[in-house]
Amino acid sequence: MSTSETGSSRVKRGLAEMLKGGVIMDVVNAEQARIAEDAGAVAVMALERVPADIRAQGGVARMSDPDLIEQIMAEVSIPVMAKARIGHFVEAQVLESLGVDYIDESEVLSPADYVNHIDKWDYTVPFVCGATNLGEALRRITEGAAMIRSKGEAGTGDVSEATKHIRTITGEINRLRSLTKDELYVAAKELQAPYELVREVAETGKLPVVLFTAGGVATPADAAMMMQLGADGVFVGSGVFKSGNPEARAKAIVRATAAYTDAAVIADASRGLGEAMVGINVADLPAPHRLAERGW
Amino acid sequence: MREHVASLRELGADVREVRSVADLEQVAGLVIPGGESSVIDKLSRIFGVRDAIRERIAAGMPVYGTCAGLILLADELVDGIDGQQTFGGFDATVRRNAFGTQSDSFETDLAIPALGEHPVHAVFIRAPVVERVGPDVEVLARLDDGRIVAIAQGALLGTSFHPEVSGEQRFHERFLQTVRATS
């Protein structure tokens, strides 16, 4: 028998494949992680503060305390993801050493480098990165991202930006499919992405990695809408733990995401959940406070 | 799941997704894909398909489970989450997440004589292993260290790994042969 290989693209992208159709929930401690696992989350995302609190409190947002991440890993047996700042390759090294299952190089935290993202090929642990459009997604994949999530506008409870970004990405993929072979060279230039990757997307009609959506999902119907728009799964950040009844809302979002075309199930899942998180309309956010504009 | 559908269609099968009891009544065999086994268990109960699947397994429906699917087919589960159940079927004990975290996930070649001379390229992603098998369970593959990673019993087939991710079709062929022989 031949030797075995860890950290290959197939292995890294493969875990994201196994999360498809599911909900990944932001958690800040072991207690929240327990609620998420019990509710049927396919993975949890460990971070210092949920985006709504980062927004409210301001200041620099960083990787979580390793103690908290280890407590979360000890509490649950579903995959544990954790956020590192954009370009902060040492936070990523730390998270890899802790044994997290996925690293999110995330615009929700304060960027550590306004020029470069992390060279994600250097790691055995896979990375997920945010994107607002196809070019950004393909640049992250070029740097080694094994999963993409559309960014939306985290911490708002306003789903409109999530809608815009997933529609933009799928729309740009559809446009590539309609181009002739000789037009793909210019398309690659316009997307600022490598030609080989652009050609692959044009041929297959999809990203070479799993595409989740994030940023503003607060209700079962929001989650189901993202799925109907073509997302492979959903990240829910502040939407669960900033709501009136996190247990019930987490379960309801899981159910609606799984049965996303069944309006009767979504209606049933939407009943009696108590208050949704208090929202902020993205239009009311001054541009410097828009997290989606971090990363390029 | 997409890769399973593609593999089975390439082999000439009529494939559909099973999300409800009505869907289940339409199929002669079932593939339970990878995923998070604890979530598949929960959803199967929420959507009311668990009992129907158990009845079909008991009645001899061919089922192929990969990774989480293998966990769900085991009579006994080790290291599940609190309250996690399986459909059962295999007289076997399966350990969930037996290899550690994602950084321990790997791909390797496995010699599986039952499928022919050519080795199987197997992708293990936070994979389970089979820790105990009953007398009626056939062991199809082991890792170098002896741990069991592929088994068969009656109309059931289970692998810890994902042949569909690497384009390996011989397990799907074997599953379809069982479906054709029993329907």
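This is a predicted model, so every value here is computed, not measured.

1. Quick look at the overall build of chain A
Point 1. The number of helices and strands found in chain A is 13 helices and 9 strands.
Point 2. For chain A, the C-alpha radius of gyration of 18 Å lies close to 19 Å, the compact-globule estimate for 296 residues.
Point 3. Overall, chain A is about 55 × 50 × 40 Å in size when its C-alpha atoms are taken along their principal axes.
Point 4. Each of the 296 residues in chain A was classed as buried or not, and the buried ones make up 60%.
Point 5. If you take every contact in chain A between residues at least 6 apart in sequence, the share linking residues at least 24 apart comes to 66%.
Point 6. Summed over its atoms, the accessible surface of chain A is roughly 11,200 Å², and 49% of this surface lies on carbon and sulfur atoms.

2. With respect to the overall build of chain B
Point 1. Looking only at helices and strands, chain B features 6 helices and 10 strands.
Point 2. For chain B, whose C-alpha radius of gyration is 15 Å, the value lies close to the compact-globule estimate of 16 Å for 183 residues.
Point 3. Overall, chain B is about 40 × 40 × 30 Å in size when its C-alpha atoms are taken along their principal axes.
Point 4. Burial status across chain B gives 55% buried among its 183 residues.
Point 5. Carbon and sulfur atoms make up 46% of the accessible area of chain B, which totals about 7,500 Å².
Point 6. Considering chain B, the positive charge centre built from 18 side chains and the negative charge centre built from 27 side chains are found 4 Å apart.

3. A short note on the interface of chain A and chain B
Point 1. With 37 residues of chain A at the interface, the matching set in chain B holds 36 residues.
Point 2. Summed over both partners, the interface of chain A with chain B buries about 2,900 Å², with 56% contributed by carbon and sulfur atoms.
Point 3. Remark: the boundary between chain A and chain B carries 3 salt bridges.
Point 4. The residue R10(A) makes a salt bridge to E107(B) at a minimum N-O spacing of 2.9 Å.
Point 5. Remark: the boundary between chain A and chain B carries 13 residue pairs in polar contact (both at pLDDT 80 or more).
Point 6. At the level of elements, β1 (5-6), α1 (9-19), α2 (30-39) and α12 (246-258) of chain A are the ones that each hand at least two residues to the side of chain A that touches chain B.
Point 7. Looking at which element gives the most residues to the side of chain A that touches chain B, the answer is α1(A), with 7 residues.
Point 8. Class assignment for the residues of the side of chain A that touches chain B results in 16 nonpolar, 11 polar and 10 charged.
Point 9. As defined by bridge partners, β1(A) adjoins strand β5 (residues 106-110) of chain B across 2 bridges and the pair is classed as antiparallel. Bridging across to β5(B), E5(A) finds its partner in E107(B).

4. A short note on the UniProt feature "binding site: D-glyceraldehyde 3-phosphate" (unreviewed entry) in chain A
Point 1. Look at the UniProt record and you will see "binding site: D-glyceraldehyde 3-phosphate" (unreviewed entry) annotated at R167(A).
Point 2. Checked against the element boundaries, R167(A) lands in helix α7 (residues 160-178).

5. Topic: unusual backbone geometry
Point 1. Positive phi outside glycine occurs at Q192(A), with the angle close to 55°.
Point 2. For Q192(A), the position within the fold is in the loop between α8 (184-191) and α9 (195-204).
Point 3. The phi dihedral of C67(B) falls on the positive side, at around 55°, and the residue is not glycine.
Point 4. In this structure C67(B) comes out as buried when scored by relative accessible area, which is 4%.

6. A closer look at the environment of A218(A)
All names here are of chain A.
Point 1. If you trace the backbone, A218 turns up in the loop between β8 (210-213) and α10 (220-228).
Point 2. Residue A218 is classed as buried on the basis of its relative accessible area, which comes to 4%.
Point 3. In this structure, the C-alpha to C-alpha distance between A218 and L15, residues 203 residues apart in sequence, is 25 Å.
Point 4. Beyond its immediate stretch of four places on either side in the chain, A218 contacts G157, G239, R249, I253 and M277.

7. Re the pattern of salt bridges
Residues and elements named next belong to chain A.
Point 1. A full pass over the atoms with the stated rule returns 34 salt bridges over all chains.
Point 2. With a shortest N-O distance of 2.7 Å, E75 and R34 are connected by a salt bridge. Here R34 lies in helix α2 and E75 lies in helix α4 (residues 66-75), a separation of 41 residues in the sequence.
Point 3. Salt bridges here are not isolated pairs; linked through shared partners, they connect R34, E37, D38 and E75.

8. A closer look at the layout of surface pockets
Space left empty within the atom packing is revealed by a probe, the size of a water molecule, rolled over the atoms.
Point 1. Reported here for the second largest pocket is a volume of approximately 300 Å³.
Point 2. Lining of the second largest pocket is provided by 15 residues; of these, R13(A), E17(A), P208(A), E3(B) and V165(B) occupy positions nearest its centre.
Point 3. The set of elements that each furnish at least two residues to the lining of the second largest pocket consists of α1 and α9 of chain A together with α1 (2-10) of chain B.

9. Comments concerning the pairing of β5(B)
All names here are of chain B.
Point 1. In terms of burial, β5 is largely enclosed, as 4 of its 5 residues are buried.
Point 2. The sheet contact formed by β5 and strand β6 (residues 120-124) spans 5 bridges and is antiparallel. From the neighbouring strand, T108 faces β6, where its bridge partner is A122.

10. Here we look at the sheet that holds β6(B)
Point 1. Here 3 strands make up an open sheet; going across it, the order is β1(A)-β5(B)-β6(B) and the pairing antiparallel. Two strands lie at the open edges of the sheet, namely β1 of chain A together with β6 of chain B, each paired on one side alone.

11. Details of the side chain of E105(A)
All names here are of chain A.
Point 1. Its location among the elements puts E105 in strand β5 (residues 102-106).
Point 2. Look at E105 and you get buried, because its relative accessible area is 1%.
Point 3. Within the structure, E105 has its side chain in polar contact with the backbone nitrogen of G87 (distance 2.9 Å).
Point 4. Beyond its immediate chain neighbours, meaning those up to four positions away, E105 contacts A84, R85, I86, G87, H117, I118, K120, F127, V128, C129, G130 and R149.

12. Let's talk about helix α13 (residues 263-270) of chain A
Residues and elements named next belong to chain A.
Point 1. Taken as a whole, α13 has its buried residues at V265, I266 and A269. Projected down its long axis, α13 carries its buried residues within an arc of 100°, all on one side. Of the exposed residues in α13, the ones pointing more than 90 degrees away from its buried face are A263 and A264.
Point 2. Here the buried face of α13 lies against α10 and α12.

Conventions used here
- Residues numbered from 1 in each chain as written.
- Chains lettered and ligands numbered in written order.
- Predicted model: local features only at pLDDT ≥ 70, side-chain atom pairs only at ≥ 80, totals over all residues.
- Heavy atoms only, no water.
- Helix = DSSP H or I, 4+ residues; strand = E, 2+ residues; numbered from the N terminus.
- Rg over C-alpha atoms; globule rule 2.2 N^0.38 Å.
- Buried < 20%, exposed > 50% of the residue type's maximum accessible area, 1.4 Å probe, protein only.
- Contact = heavy atoms within 4.5 Å.
- Areas by Shrake-Rupley, 256 points an atom, 1.4 Å probe, with all protein chains shown as cover.
- Lys, Arg positive; Asp, Glu negative; His and termini not counted.
- Charge placed at Lys NZ, Arg CZ, Asp CG, Glu CD.
- Buried area = accessible area lost by both parts, 1.4 Å probe.
- Salt bridge = Lys/Arg side-chain N within 4 Å of Asp/Glu carboxyl O.
- Polar contact = N/O pair within 3.5 Å; in protein donor to acceptor, adjacent residues only side chain to side chain.
- Nonpolar A, V, L, I, M, F, W, Y, C, P; charged D, E, K, R; others polar.
- Pairing = 2+ DSSP bridges.
- UniProt positions renumbered as here; feature names shortened; annotations may be inferred.
- 1 Å grid on protein atoms, 1.4 Å probe; cavity = no way out; pocket = protein on both sides within 12 Å on 5 of 7 lines; lining within 4 Å.
- Points joined across faces, edges and corners; volume = space filled by probe spheres on them.
- Arc of directions from axis to C-beta.

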